[in-house]
Amino acid sequence: MNEQHFSARSMTKIALCVALLSVSAYLSFPLPFTPGMVTALTLALGVTAFVLTPRETFCAVAVYLLLGLCGLPVFAAGASGPGKLFGPVGGFMLVWLFVYPLVSALKGETPSFRRYALVDIVVGMPLTYAGGMVSMILFMDITLWQAVMMAVVPFIPGDIIKCLAAAALGVRVNQMLMTSTV
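Presented here is an overview of the structure given in this document.

A closer look at the overall build of the protein
Next, step 1: Within the protein, the regular secondary structure consists of eight helices and two strands.
Next, step 2: Its helices and strands in sequence order give the protein the pattern α-β-β-α-α-α-α-α-α-α, from N to C terminus.
Next, step 3: Relative to a compact globule of 182 residues, whose C-alpha radius of gyration would be 16 Å, the protein shows 16 Å and is just as compact.
Next, step 4: Overall size of the protein, expressed as C-alpha extent along the three principal axes, is 55 × 35 × 25 Å.
Next, step 5: For the protein, the residues scored as buried account for 46% of the 182 residues in total.
Next, step 6: With the model as given, the accessible surface of the protein reaches about 9100 Å², and the carbon-plus-sulfur share is 74%.
Next, step 7: Distance between charge centroids for the protein: 9 Å, based on 9 positive and 6 negative side chains.

Structural notes on unusual backbone geometry
Next, step 1: We note that Ala77 has phi near 60°; this positive angle belongs to a residue other than glycine.
Next, step 2: Inspection of the secondary structure assignment puts Ala77 in the loop between helix H3 (54-69) and helix H4 (82-85).
Next, step 3: Despite not being glycine, Asp141 shows a phi value in the positive range, around 55°.
Next, step 4: Along the polypeptide, Asp141 turns up in the loop between helix H6 (113-140) and helix H7 (144-151).

Topic: the packing of helix H2 (residues 41-51) against H3
To describe two helices that pack against each other, one gives the angle between their axes and the distance between the axes.
Next, step 1: Interaxial distance between H2 and H3 falls to 9 Å at its minimum, and their mutual angle equals 145°. Note on packing geometry: the crossing formed by H2 with H3 is right-handed. Contacts between H2 and H3 involve Leu41, Leu45, Thr48 and Ala49 on the former and, on the latter, Thr57, Ala60, Val61 and Tyr64.
Next, step 2: Taken together, the residues that form the contact of H2 with H3 break down as six nonpolar, two polar and no charged.

Some details on the nonpolar core
Next, step 1: Tyr64, Leu65, Phe75, Trp96 and Val103 are the most contacted members of the largest nonpolar core, which has 35 residues in total.
Next, step 2: Residue assignment for this core shows that the elements contributing at least two residues are helix H1 (8-24), H2, H3, helix H5 (90-106), H6 and helix H8 (156-179).
Next, step 3: Top element by residues in this core is H2. It accounts for seven residues.
Next, step 4: Counting 15 residues, the second largest nonpolar core, distinct from the first, contains Val38, Met136, Ala147 and Met150.

Brief notes about a nonpolar patch on the surface
Next, step 1: Taken together, the side chains of Phe86, Leu94, Val134, Leu138 and Phe139 make up a nonpolar region of the molecular surface, amounting to roughly 500 Å² of accessible area.
Next, step 2: Structurally, the position occupied by Leu94 is in helix H5.

Digging into the environment of Val61
Next, step 1: Note on placement: Val61 falls in helix H3.
Next, step 2: Val61 gets classed as buried once you look at its relative accessible area, which sits at 1%.
Next, step 3: Along the sequence, Val61 and Phe113 sit 52 residues apart, while their C-alpha atoms lie 22 Å from each other.
Next, step 4: Those residues in contact with Val61 that sit more than four places away from it in its chain are Leu21, Leu45, Trp96 and Leu97.

Observations regarding H7
Next, step 1: Here H7 has its buried residues at Ala147, Met150 and Ala151. Down the axis, H7 shows its buried residues gathered within 80° of arc, on one side only.
Next, step 2: Taken together, the buried residues of H7 touch H5 and H6.

Topic: H5
Next, step 1: Between its terminal C-alpha atoms H5 stretches 25 Å, which fits the 24 Å expected from 17 residues at 1.5 Å a residue.
Next, step 2: Its axis deflected by about 45° at Trp96, H5 carries its strongest bend there.
Next, step 3: Those residues of H5 lying buried are Gly90, Gly91, Phe92, Met93, Trp96, Leu97, Val99, Tyr100, Pro101, Val103 and Ser104.
Next, step 4: For H5, the elements touching its buried residues are H2, H3, H4, H6 and H7.

How each quantity is defined
Residues numbered from 1 in each chain as written. Predicted model: local features only at pLDDT ≥ 70, side-chain atom pairs only at ≥ 80, totals over all residues. Heavy atoms only, no water. Helix = DSSP H or I, 4+ residues; strand = E, 2+ residues; numbered from the N terminus. Rg over C-alpha atoms; globule rule 2.2 N^0.38 Å. Buried < 20%, exposed > 50% of the residue type's maximum accessible area, 1.4 Å probe, protein only. Areas by Shrake-Rupley, 256 points an atom, 1.4 Å probe, with all protein chains shown as cover. Lys, Arg positive; Asp, Glu negative; His and termini not counted. Charge placed at Lys NZ, Arg CZ, Asp CG, Glu CD. Axes fitted to C-alpha atoms, helices over the stretch in contact; angles between N-to-C directions. Left-handed = near helix turned anticlockwise from the far one by under 90°. Contact = heavy atoms within 4.5 Å. Nonpolar A, V, L, I, M, F, W, Y, C, P; charged D, E, K, R; others polar. Core = buried A, V, L, I, M, F, W, Y, C linked by side-chain atoms within 4.5 Å. Patch = residues over 30% accessible without salt bridge, like charges linked within 9 Å, V, L, I, M, F, W, Y side chains within 5 Å. Salt bridge = Lys/Arg side-chain N within 4 Å of Asp/Glu carboxyl O. Arc of directions from axis to C-beta. Expected span 1.5 Å × (residues − 1). Bend = angle between axes of the 7 residues up to and from the residue.

Encoded structure:
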């Protein structure tokens, strides 16, 4: 593959991951004590990072964020626009540009459920939470403790389950991609 260009196969995988991110955002519900939402995006981001290279992952997340920034209803619960991206929950989304390419870079060469799950739980979750806490502190004028209680604690159990599911799906998809002749 040329360093300057993506192959047709690579662009197809990126487009499919952007679609997965967009659709997964609709699988969400609010929590009454936080502006953050429980969403299937965590699962989709993990799968994206496990299936794509770091560069492809960055492109997929960037395209997804640009679609929402331009007004397409692809953010959680069908939201969109700069107010979402540069508001109390925008920190979660903005750090994805760096977090999930890093997760992709740390996944290793061989599909491994344990490695995928560990990288997503130990790297992906904490860095995403940090971004969410920063934006909540800045836009909501709350303390660090309040940010932890709003941006981290309520999401940990579900996010661990979603990271495990993403690892299982990532391994399976990569095994299928390795055996395909296309």
